[in-house]
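Understanding the architecture of this molecule
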Amino acid sequence: MSAKTVYRSLLAACTLAACASAAQAQDASGTLRIGLSSEPTSMDPHYHQATPNDAMTSHLFETLVGQDAGMNLIPRLATAWKPVDDTTWEFTLREGVKFSNGQPFTPQDVIFTFCRVMNNEQSIGGSYPAVVQKLADVQVRDGNTLVIKTRQPYPLLPNDLSRMSMLWNGIVEHGPIRFDLKNQCGVTGPWPTVADFNNGRDVIGTGPYTLKSYVKGTGIEMARNDAYWGDKPAWPNVRMVPVPAAGPRLTGLLAGDFDLIENPAARDVKRISETPGFGHVITPSVRVVYFQFDVARNPSPTVKAADGKNPLQDVRVRRAISLAIDRKTIAARIMDGAATPANQFLPDGMFGTLPNPPELKYDPAAAKKLLAEAGYPDGFELTISSTNDRYINDAQISQAVAQYLSRVGIKTTVDAMARSIYFPKRAKREFSFAMGGWSSETGEASSFLQYWVTAFDKEHGLGTSNYGGYDNPEFDRVFKRAIVTVDPAERARLLQESLTLALADLPSIPLHFESSIWAFRKGLTYEGRADQYTLAMSAKPAK
């Protein structure tokens, strides 16, 4: 019997009365039970900027600046911040905050965090170091004010700091802590490793929960931090269990094994709505699903052409691949309507996006013509590399794209793998045509462009995820002006010019924007988030 048949049988067995009864069942210990579609890969908040990781560590650690469900900036460990001049910011730290071990939160913890980010050799990507590399100096004034000097104007510093969790400086041996990257900032002992967080030793944060246990592939258990400075979460305990397949995850909810699940299949929303005792919420997100081309190497590892070259280096081939994909059908059929076709890298209307972006059309005839013009009338061989457990329907999307490309003559296969394998391979540039998903967490167009499109620039923290090796001096010139421009209108204009150049050259092709779905039992409410975070704090008892 197939897994799909088993799933349907289980759903059929759950009668309306039985499901309603399950919906009212609650864990007697006061534990909120959550079924995850994608589990975090580490408890280290600086290991990998990925939504499951950031969502998880948001329970345990906190940032200076927070974001609400709509991604608006709100005070967190900093109560206020302001620019003093083009290259100076002041942050006022919240008083009376303590870490989970009872130690006070101080400015030295912020400086230590910045330094640790630059000394985390196991981290994947460069999102966190990219922020610290833009800082010239960090000083403490009046005991509770941080004065941060930047190397150049940095208008998005508060936005970027909203994703950097603060650590307790006592997890390492050190002398006086100071912002001195060349001299280890005063740290004398070894820097913490990912294992030190995964085993719980260094999970000492200021967040609303503390870590009880983390067993990869099995589950995560947390206890409420009753000394938390902010609003106390409703649930004394939280248990998160990874269930990658949507069918068993929904079955677990209907059977009473879970109180809340993330990402049920969109096709099952109708059933959830019609089953007494259950509810759901659908929230549009800022996550774009896209494919990144290897444009730098010739040859490239997973593409093969008769002429021995890398066809992906030709913009006509990249445009042909974009034209070969029917985004509307993928959004309607594979995503069951829980996605919006993307014509740029951030949803329309957000800061710096194009007000009327050109439609990325489906036109297989035009795709074939471009391939012929590029010298590939008979196509070539290509492997799509993707995850099979990270983004909504990621493996199915890759298979669909492979079929579309095969129809225009590109002999395409799919190599889908677990994200724990995929992301390190992608970081080592083992792919030629790779799926990705990016949530533009700053809320403006620069977020995607600075990591994935700009040429690699370690000094300025740019291009740290540009695994395709794209290098366009004209794009870089315009974009680098945009990110140091303080005037909002001029920055928006420069970002729009940058987007226009990127969409003309297509180093990556946007596919769609995901919508997120959460389902839950009777007695709960849940506030969906644009950043797709699944948070125990967002689940509350219904009034």
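Residues numbered from 1 in each chain as written. Predicted model: local features only at pLDDT ≥ 70, side-chain atom pairs only at ≥ 80, totals over all residues. Heavy atoms only, no water.

Glancing now at the overall build of the chain. On a plain count of helices and strands, the chain comes out with 17 helices and 20 strands. For 543 residues, the compact-globule estimate of 2.2 N^0.38 gives 24 Å, and the C-alpha radius of gyration of the chain, at 24 Å, lies within 12% of that figure. Once the C-alpha set of the chain is aligned to its principal axes, its extents read approximately 70 × 65 × 40 Å. Across the chain, contacts joining residues at least 24 apart in sequence account for 69% of those joining residues at least 6 apart. Approximately 21300 Å² of the chain is accessible, and the part contributed by carbon and sulfur atoms is 51%. On the chain, the mean spot of the 57 positive side-chain charges and the mean spot of the 56 negative ones are 4 Å from each other. (Helix = DSSP H or I, 4+ residues; strand = E, 2+ residues; numbered from the N terminus. Rg over C-alpha atoms; globule rule 2.2 N^0.38 Å. Contact = heavy atoms within 4.5 Å. Areas by Shrake-Rupley, 256 points an atom, 1.4 Å probe, with all protein chains shown as cover. Lys, Arg positive; Asp, Glu negative; His and termini not counted. Charge placed at Lys NZ, Arg CZ, Asp CG, Glu CD.)

Taken as a whole and assessed by the stated rule, the structure comprises five cavities of 30 Å³ or more. Around the largest cavity, the lining comprises 26 residues; the ones closest to its centre are His48, Gln49, Ala50, Trp438 and Trp452. Classifying every residue of the lining of the largest cavity by side-chain character gives 10 nonpolar, 11 polar and five charged. The calculated volume of the second largest cavity comes to roughly 130 Å³. (1 Å grid on protein atoms, 1.4 Å probe; cavity = no way out; pocket = protein on both sides within 12 Å on 5 of 7 lines; lining within 4 Å. Points joined across faces, edges and corners; volume = space filled by probe spheres on them. Nonpolar A, V, L, I, M, F, W, Y, C, P; charged D, E, K, R; others polar.)

Attention now goes to the confidence of the model for the chain. Considering every residue of the chain, the mean pLDDT works out to 92; 95% of them sit at 70 or more. The low-confidence segment residues 1-13 (pLDDT under 50) makes 11 contacts with residues lying over four places distant or belonging to another chain. Here residues 20-25 is modelled with pLDDT under 50, and outside its nearest four sequence neighbours on either side it reaches 13 contacts, counting other chains as well. (pLDDT = per-residue confidence, 0-100.)

What follows deals with the layout of surface pockets. Roughly 790 Å³ of volume is contained in the second largest pocket. Listing elements by their share of the lining of the second largest pocket, those giving two or more residues are α3 (51-57), β2 (65-67) and β20 (539-541). For the lining of the second largest pocket, the element with the most residues is β2, which contributes three residues. By residue class, the composition of the lining of the second largest pocket is 16 nonpolar, nine polar and 10 charged. Residue assignment places the lining of the second largest pocket across two domains, with domain 1 (29-60 + 207-277 + 522-542) and domain 2 (64-182) each supplying three or more. (Domains from an automatic or database assignment.)

Within the structure shown, the criterion is met by one disulfide. Sulfur-sulfur distance for the disulfide between Cys115 and Cys185 comes to 2.0 Å. Measuring handedness by torsion sign, the sulfur bridge of Cys115 and Cys185 sits at about -85° and is left-handed. Of the two residues, Cys115 sits in helix α4 (residues 107-117) while Cys185 sits in the loop between α6 (157-161) and α7 (194-198), which places them 70 residues apart along the sequence. Cys185 shares its class with Cys115; the two are buried. (Disulfide = S-S within 2.5 Å. Buried < 20%, exposed > 50% of the residue type's maximum accessible area, 1.4 Å probe, protein only.)

This structure, assessed with the given rule, holds 24 salt bridges. With a closest N to O distance of 3.9 Å, Arg287 and Glu514 form a salt bridge. Of this pair, Arg287 sits in strand β12 (residues 278-293) while Glu514 sits in strand β18 (residues 508-521), and the two are 227 residues apart along the sequence. Per residue, the accessibility class of Arg287 equals that of Glu514, and both read buried. With its nearest N and O atoms 3.4 Å apart, the salt bridge here joins Arg491 to Glu444. Residue Arg491 is found in helix α17 (residues 488-505), and its partner Glu444 is found in the loop between β17 (433-439) and α15 (446-452); the two are separated by 47 residues along the sequence. Each of the two residues, Arg491 as well as Glu444, counts as buried. In this structure, a network of salt bridges that share partners links the residues Arg481, Glu490, Arg493 and Glu497. (Salt bridge = Lys/Arg side-chain N within 4 Å of Asp/Glu carboxyl O.)

Time to look at the sheet that holds strand β7 (residues 145-150). In space, the four strands of this open sheet follow the order β4-β5-β7-β6, with antiparallel pairing throughout. In this open sheet, the two strands that pair with only one neighbour each are β4 (78-85) and β6 (135-141). In this sheet, neighbouring strand axes are inclined to one another by 20° on average, regardless of whether the strands run parallel or antiparallel. Bridge count between strand β5 (residues 88-93) and β7: five bridges; the pairing is antiparallel. Opposite Trp89, over in β7, you have Ile148 as the bridge partner. Along the sheet, α4 makes contact with β5, β6 and β7, crossing β6 at roughly 165°. (Pairing = 2+ DSSP bridges. Axes fitted to C-alpha atoms, helices over the stretch in contact; angles between N-to-C directions.)

Time to look at the environment of Val194. Among the structural elements, Val194 can be located in helix α7. Here Val194 falls in the buried class, since its relative accessible area comes to 8%. Separated by 240 residues in the primary sequence, Val194 and Ala434 place their C-alpha atoms 26 Å from one another. Not counting the four nearest positions on each side in its chain, Val194 is found in contact with Ser42, Asp44, Tyr47 and Gln122.

Moving on to unusual backbone geometry. The amide bond that connects Asn298 to the next residue, Pro299, takes the cis arrangement and shows omega of 5°. Mapped onto the secondary structure, Pro299 falls in the loop between β12 and β13 (303-304). A positive phi angle is found at Asp336, which is not glycine, with a value near 50°. Considering the arrangement of structural elements, one finds Asp336 in the loop between α11 (327-334) and β14 (339-341). With relative accessibility at 31%, the residue Asp336 sits in the partly exposed group.

Once that is clear, we can look at α4. Counting buried positions along α4 yields 10 of 11 residues, so the element is predominantly enclosed. For α4, the elements touching its buried residues are β5, α5 (127-132), β6, β7, α6 and α7.

Nonpolar side chains in soluble globular proteins generally cluster together in the buried interior. Of all hydrophobic cores here, the largest spans 72 residues; its most connected members are Ile321, Phe380, Leu405 and Phe433. For Phe380, the residues in contact, after removing those within four places along its chain, are Val303, Lys304, Ala305, Pro311, Leu312, Val317, Leu371, Gly409, Ile410 and Lys411. The next biggest cluster of nonpolar side chains, apart from the first, holds 64 residues, and it includes Leu93, Val110, Leu211 and Ala539. (Core = buried A, V, L, I, M, F, W, Y, C linked by side-chain atoms within 4.5 Å.)

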